[in-house]
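The residues making up each chain are set out below.
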Amino acid sequence: MFYYVLKYVILGPLLRLLFRPRIEGLEHIPEDGAAIVAGNHLSFSDHFLMPAIIKRRITFLAKAEYFTGPGLKGRLTAAFFRSAGQIPVDRSGKDAGQAAIREGLAVLSKDELLGIYPEGTRSHDGRLYKGKVGVAVMALKARVPVVPCAMVGTFEIQPPGRVVPRIKQVTIRFGEPLDFSRYAGMEDQKAAIRAVTDEIMYAILGLSGQEYVDEYAARVKSEQAEQAKKFPKRRR
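Our subject in this report is the structure included herewith. (Residues numbered from 1 in each chain as written. Predicted model: local features only at pLDDT ≥ 70, side-chain atom pairs only at ≥ 80, totals over all residues. Heavy atoms only, no water.)

1. What about the overall build of the chain?
Secondary structure summary: the chain contains eight helices and nine strands in total. Expected size for 236 residues packed as a compact globule is a radius of gyration near 18 Å; at 18 Å, the chain falls within 12% of this value. C-alpha extents for the chain along the principal axes are approximately 60 × 45 × 35 Å. Taking all 236 residues of the chain together, 46% fall into the buried category. A fraction of 79% describes how many contacts in the chain between residues 6 or more apart in sequence connect residues 24 or more apart. Carbon and sulfur atoms make up 54% of the accessible area of the chain, which amounts to about 12,800 Å² in all. For the chain, the distance from the average site of its 36 positive side-chain charges to the average site of its 25 negative ones is 10 Å. (Helix = DSSP H or I, 4+ residues; strand = E, 2+ residues; numbered from the N terminus. Rg over C-alpha atoms; globule rule 2.2 N^0.38 Å. Buried < 20%, exposed > 50% of the residue type's maximum accessible area, 1.4 Å probe, protein only. Contact = heavy atoms within 4.5 Å. Areas by Shrake-Rupley, 256 points an atom, 1.4 Å probe, with all protein chains shown as cover. Lys, Arg positive; Asp, Glu negative; His and termini not counted. Charge placed at Lys NZ, Arg CZ, Asp CG, Glu CD.)

2. Overview of the pattern of salt bridges
Applying the stated rule across the entire model yields five salt bridges. Its salt-bridge partner being Arg127, residue Glu211 comes within 3.5 Å of it at the nearest N-O pair. In this pair, Glu211 is assigned in the loop between α7 (190-208) and β9 (212-213) and Arg127 in the loop between β5 (113-116) and β6 (128-129), connecting sequence segments 84 residues apart. Note that Arg182 is salt-bridged to Glu199, the shortest N-O span being 2.6 Å. (Salt bridge = Lys/Arg side-chain N within 4 Å of Asp/Glu carboxyl O.)

3. Remarks on the environment of Val135
Within the fold, Val135 resides in helix α5 (residues 134-142). In this structure Val135 comes out as buried when scored by relative accessible area, which is 1%. Taking the C-alpha atoms as reference points, Val135 and Gly115, 20 residues apart in sequence, are found 9.7 Å from one another. Those residues in contact with Val135 that sit more than four places away from it in its chain are Ile36, Ala38, Ile116, Pro118, Thr197 and Ile200.

4. Details of the sheet that holds strand β3 (residues 58-63)
Hydrogen bonds between backbone atoms are what pair the strands of a sheet, whose relative direction is either parallel or antiparallel. Sheet architecture is open: seven strands sit in the order β1-β8-β7-β2-β5-β3-β4, paired in mixed fashion. A single partner strand is all that each edge strand has here, and the edge strands are β1 (22-24) and β4 (86-89). Direction aside, the axes of adjacent strands within the sheet are offset by 25° on average. Sheet topology places β3 next to β5; three bridges connect them, and they run parallel. Note that in β5 the partner of Ile58 across the bridge is Leu113. Together, β2 (35-39), β3, β5 and β7 (146-152) form the strand contacts of α5, whose direction differs from that of β2 by roughly 165°. (Pairing = 2+ DSSP bridges. Axes fitted to C-alpha atoms, helices over the stretch in contact; angles between N-to-C directions.)

5. What to know about unusual backbone geometry
In this structure, Arg20 takes a positive phi of about 40° despite not being glycine. Here Arg20 is to be found in the loop between α1 (2-19) and β1. Its identity as a non-glycine residue notwithstanding, Asp111 has a phi of 60°, on the positive side. Here Asp111 lies in the loop between α4 (96-108) and β5.

6. Describing the nonpolar core
In this structure, Ile36, Met138, Phe180 and Ile200 are the most contacted members of the largest nonpolar core, which totals 31 residues. The set of elements that each furnish at least two residues to this core consists of β2, β4, α4, β5, α5 and α7. Aside from chain neighbours lying at most four places away, what touches Met138 is Ile36, Leu61, Ala100, Ile101, Gly104, Leu105, Leu108, Leu114, Ile116 and Arg143. If you look at the next biggest cluster of nonpolar residues, it comprises 27 residues, including Leu15, Phe19, Val37 and Phe81. (Core = buried A, V, L, I, M, F, W, Y, C linked by side-chain atoms within 4.5 Å.)

Right, here's the structure in full:
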């Protein structure tokens, strides 16, 4: 219940007023039935802007850290994310990917919309990074369409490290649903799930116009952090 109050009464109208989102291709979101909405991830604001303009309820898989913060602030943050339709997923450990897939399939089994960012983390530089294959596994196992989505301008309003977003218009584009029925029964074949993932990322790229990097974002972030430790900037 609170999800719809948040969407239609509190947060949704405020976001529409402040950011005046330009929406393209909203008709590609199925009116009913299970589907995956797969988008690029440029900003913390993405978590709220996309759900605010989709008529149906959409559930996102979110990192567990949003739900485990200490003290009153942590509890309020966790309550807010749950109210906004987010499901916590522990991204640590070797079974993290399987846990996310189980949670996502549970959402799809109820004929609901599942939102996912195939890059696995926010882009730290505005570029589009290689997609992780979990989105393909879920699409093939659940036999559902994937609607590609591109957030345009959200990196500029709230890049990593910025707490309060800039007030500026953004664009949200949805592409035609991608049908992967030709891969039915191949969800355990590495070549198939990689091909499906790459097709999804290519569709997102076509909508967003970003520069593409054929590496995982988390790996690039980690490598850059290690380089920064080894070669810290000299103080002037």
